[in-house]
Number of protein chains: 2
Amino acid sequence: MQFSKSTDYALHALIHLAQAESHKNIGVRELSTILSVSESYLSKIMAKMRKDGIVRAVPGVKGGYELAKSAENITFLEVIQAIEGRQQMFECSNLNSKQHQLLAELNRTERSTKTKTTDRGECLVKKVMDGAEQHLHQYLREHTIQSVLDQAIKHCGHSTNKK
Amino acid sequence: MQFSKSTDYALHALIHLAQAESHKNIGVRELSTILSVSESYLSKIMAKMRKDGIVRAVPGVKGGYELAKSAENITFLEVIQAIEGRQQMFECSNLNSKQHQLLAELNRTERSTKTKTTDRGECLVKKVMDGAEQHLHQYLREHTIQSVLDQAIKHCGHSTNKK
DNA sequence: CCTATTACGGACCCGCAATATCCATAATAA
DNA sequence: TTATTATGGATATTGCGGGTCCGTAATAGG
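Keep in mind it's a predicted model, so treat the numbers as computed, not measured.

## Let's talk about the overall build of chain A
Counting secondary structure elements, chain A contains 7 helices and 2 strands. The order of α-helices and β-strands along chain A, N terminus first, is α-α-α-β-β-α-α-α-α. Across the 163 residues that make up chain A, the buried fraction comes to 47%. In the form shown here, chain A has an accessible surface area of approximately 8700 Å², with 50% of it arising from carbon and sulfur atoms.

This is the structure we're talking about:
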């Protein structure tokens, strides 16, 4: 139950891109030295984000990467999903276990009266876990690359104000 | 970023234990057939929960497992942590990267005036992720084995009331 | 006391995904 | 044309999740 190192690299790379001037491409070489990671590996990470429309790339001399949209429109959630994929956090492997059959029996009475296919034999454990995932996603949707930058500025500004 | 199958097994096993009569030990054999998983593997899972005080075990003939405390006192969080461990969801591998040094520079001005060791060079990305983890934990703390059982009963009762 | 049953713990194996590297190719600025 | 840069494929390596096996200890019942 851990986020991969790739996610870590991706987020930090994006923050660096966001700090740079707009329309100034930044190469993998520069990013990799800053993040202390190999160029080849970082390339794969950037490629994933490119496919998901988070960054834009231009090849050739003076090429590199830039954000494909504004930093406040890049949420933590989409970055994580670009890197880690979109599979569910919890998968119920007991779909045809006796416990589910029992659960189905309880629901059967309800179904016989209502004949609705909704809520058919859904695992209650999975329902809780899905709820947890939704909560997590909501939080991650509310935090963007820009919000981190703002936080950094606040930190800095806070000290000058204090002075 | 997925929960292991072991967690799935653990939760379903606990629900079965909670449904059983109190003070009636249930063997791994019975649990394993219900969950469609091997005895040897489930043993490891039960052992982890035993070490964390979630279930109690008695060896010997007629031995088996029972809940170590009431079902409403067993939260999803502690079950998950018993199985998956307590490492943080997000680990920042760039602790001495240039990006963090930059972040430290911003904080240095503040520190020079306040000389506080709190908030020293903390990665802002990690702060967001830690926040996400706390949110997730809070949700998982609010859901217990008993709450799943209640939900099941409500489902059942709902249909009879409808009738 | 003996035996069957059960939990406990260690050693071990397997497959896969995360991590990481290398190279050949295409695109582009100068 | 050349140097630079992203792209994508092929290929290790390694750690971990998932899983099995077996020897030991504990306990109930005869």
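## Considering the pattern of salt bridges
Charged atoms that come close allow side chains of opposite charge to pair. If you walk through the whole model with that rule in mind, you get 10 salt bridges over all chains. Across the salt bridge formed by A:Glu66 and A:Arg56, the nearest N and O atoms sit 3.3 Å from each other. Residue A:Glu66 is found in strand 2 (residues 64–67), and its partner A:Arg56 is found in strand 1 (residues 55–58); the two are separated by 10 residues along the sequence. Looking at A:Glu66, the relative accessible area reads 16%, which means it is buried. Among the residues examined, A:Arg56 registers a relative accessible area of 42% and is labelled partly exposed. Two residues, B:Lys126 and B:Asp130, come together in a salt bridge whose shortest N-O distance is 3.0 Å. Taken together, the positions of B:Lys126 and B:Asp130, both in helix 6 (residues 124–141) and 4 residues apart, correspond to about one turn of that helix. A relative accessible area of 10% places B:Lys126 in the buried class.

## Looking at the protein's contact with DNA strand D
Of all residues adjacent to DNA strand D, which total 23 residues, the nearest are A:Lys44, A:Arg50, A:Tyr65, B:Lys5 and B:Ser38. Among the atoms of DNA strand D lying within 4 Å of the protein, the sugar-phosphate backbone contributes 64%. The contact in question runs from a sugar or linking oxygen of DNA strand D to an N or O atom on the backbone of A:Gly60, over 3.1 Å. Measuring from a phosphate oxygen of DNA strand D, one finds a side-chain N or O atom of B:Ser38 at 2.3 Å. Looking at the surface near DNA strand D, the elements with two or more residues in it are helix 3 (39–51), strand 1 and strand 2 of chain A together with helix 1 (5–19) and helix 3 (39–51) of chain B. The residue inventory of the surface near DNA strand D, partitioned by class, reads 10 nonpolar, 9 polar and 4 charged.

## Topic: the nonpolar core
Counting 96 residues, the largest nonpolar core has A:Leu14, A:Met49, B:Leu14 and B:Met49 as its most contacted members. Not counting the four nearest positions on each side in its chain, A:Leu14 is found in contact with A:Met49, A:Ile54, A:Val55, A:Leu67, A:Ile74, A:Val79 and A:Ile145.

## Digging into the protein's contact with DNA strand C
Taken together, 23 residues form the shell around DNA strand C, and within it A:Lys5, A:Ser38, B:Lys44, B:Arg50 and B:Tyr65 come nearest. Counted by atom, the contact set of DNA strand C within 4 Å of the protein is 64% sugar and phosphate. Separating a phosphate oxygen of DNA strand C from a side-chain N or O atom of A:Ser6 is a distance of 3.1 Å. Where the surface near DNA strand C is concerned, the elements lending two or more residues are helix 1 (5–19) and helix 3 of chain A together with helix 2 (28–35), helix 3, strand 1 (55–58) and strand 2 (64–67) of chain B. Partitioned by chemical class, the residues of the surface near DNA strand C number 10 nonpolar, 8 polar and 5 charged.

## Overview of helix 6 of chain B
Each α-helix winds once per 3.6 residues, and so residues spaced three or four apart point in a common direction. Given a rise of 1.5 Å per residue, 18 residues ought to cover 26 Å, and the 26 Å separating the end C-alpha atoms of helix 6 of chain B matches this to within 8%. Those residues of helix 6 of chain B that fall on the buried side of the exposure criterion are B:Leu124, B:Val125, B:Lys126, B:Val128, B:Met129, B:Gly131, B:Ala132, B:Glu133, B:Leu136, B:His137, B:Tyr139 and B:Leu140.

## Section: the packing of aromatic side chains
Residues and elements named next belong to chain A. Under the criterion given, the structure shown has 2 aromatic pairs over all chains. Relative to Tyr-41, the ring of Tyr-9 lies with its centre 6.2 Å away and its plane at 90°, an arrangement referred to as edge-to-face. With a gap of 32 residues between them, Tyr-9 in helix 1 and Tyr-41 in helix 3 connect regions that are remote in the sequence. A residue is classified by how much of its surface remains accessible, and Tyr-9, at 8% relative accessible area, is buried.

## Some thoughts on the state of the cysteines
A full pass over the atoms with the stated rule returns 0 disulfides over all chains. In this model A:Cys92 remains outside any disulfide bridge; the closest cysteine sulfur is found in A:Cys123, 3.6 Å from its own.

## Section: unusual backbone geometry
The backbone of A:Lys62 sits at a positive phi, close to 60°, despite the residue not being glycine. Residue A:Lys62 is classed as exposed on the basis of its relative accessible area of 76%.

## Looking at the packing of helix 4 (residues 76–84) of chain A against helix 6 (residues 124–142) of chain A
The relative placement of two packed helices is expressed as an angle between their axes plus a distance between the axes. Residues and elements named next belong to chain A. It is at 6 Å that the axes of helix 4 and helix 6 come closest, and there the two elements cross at 115°. Comparing their axes, helix 6 and helix 4 come out roughly perpendicular. For the pair helix 4 and helix 6, the contacting residues are Phe-76, Leu-77, Ile-80 and Gln-81 in the first and His-137, Leu-140 and Arg-141 in the second. Tallied by class, the residues present in the contact of helix 4 with helix 6 amount to 4 nonpolar, 2 polar and 1 charged.

Rules and cut-offs
Residues numbered from 1 in each chain as written. Chains lettered and ligands numbered in written order. Predicted model: local features only at pLDDT ≥ 70, side-chain atom pairs only at ≥ 80, totals over all residues. Heavy atoms only, no water. Helix = DSSP H or I, 4+ residues; strand = E, 2+ residues; numbered from the N terminus. Buried < 20%, exposed > 50% of the residue type's maximum accessible area, 1.4 Å probe, protein only. Areas by Shrake-Rupley, 256 points an atom, 1.4 Å probe, with all protein chains shown as cover. Salt bridge = Lys/Arg side-chain N within 4 Å of Asp/Glu carboxyl O. Near = heavy atom within 4 Å. Polar contact = N/O pair within 3.5 Å; in protein donor to acceptor, adjacent residues only side chain to side chain. Nonpolar A, V, L, I, M, F, W, Y, C, P; charged D, E, K, R; others polar. Core = buried A, V, L, I, M, F, W, Y, C linked by side-chain atoms within 4.5 Å. Contact = heavy atoms within 4.5 Å. Expected span 1.5 Å × (residues − 1). Phe/Tyr/Trp six-rings, centres within 6.5 Å; stacked < 30°, edge-to-face > 60°. Disulfide = S-S within 2.5 Å. Axes fitted to C-alpha atoms, helices over the stretch in contact; angles between N-to-C directions. Parallel < 35°, antiparallel > 145°, perpendicular 65-115°, else oblique.

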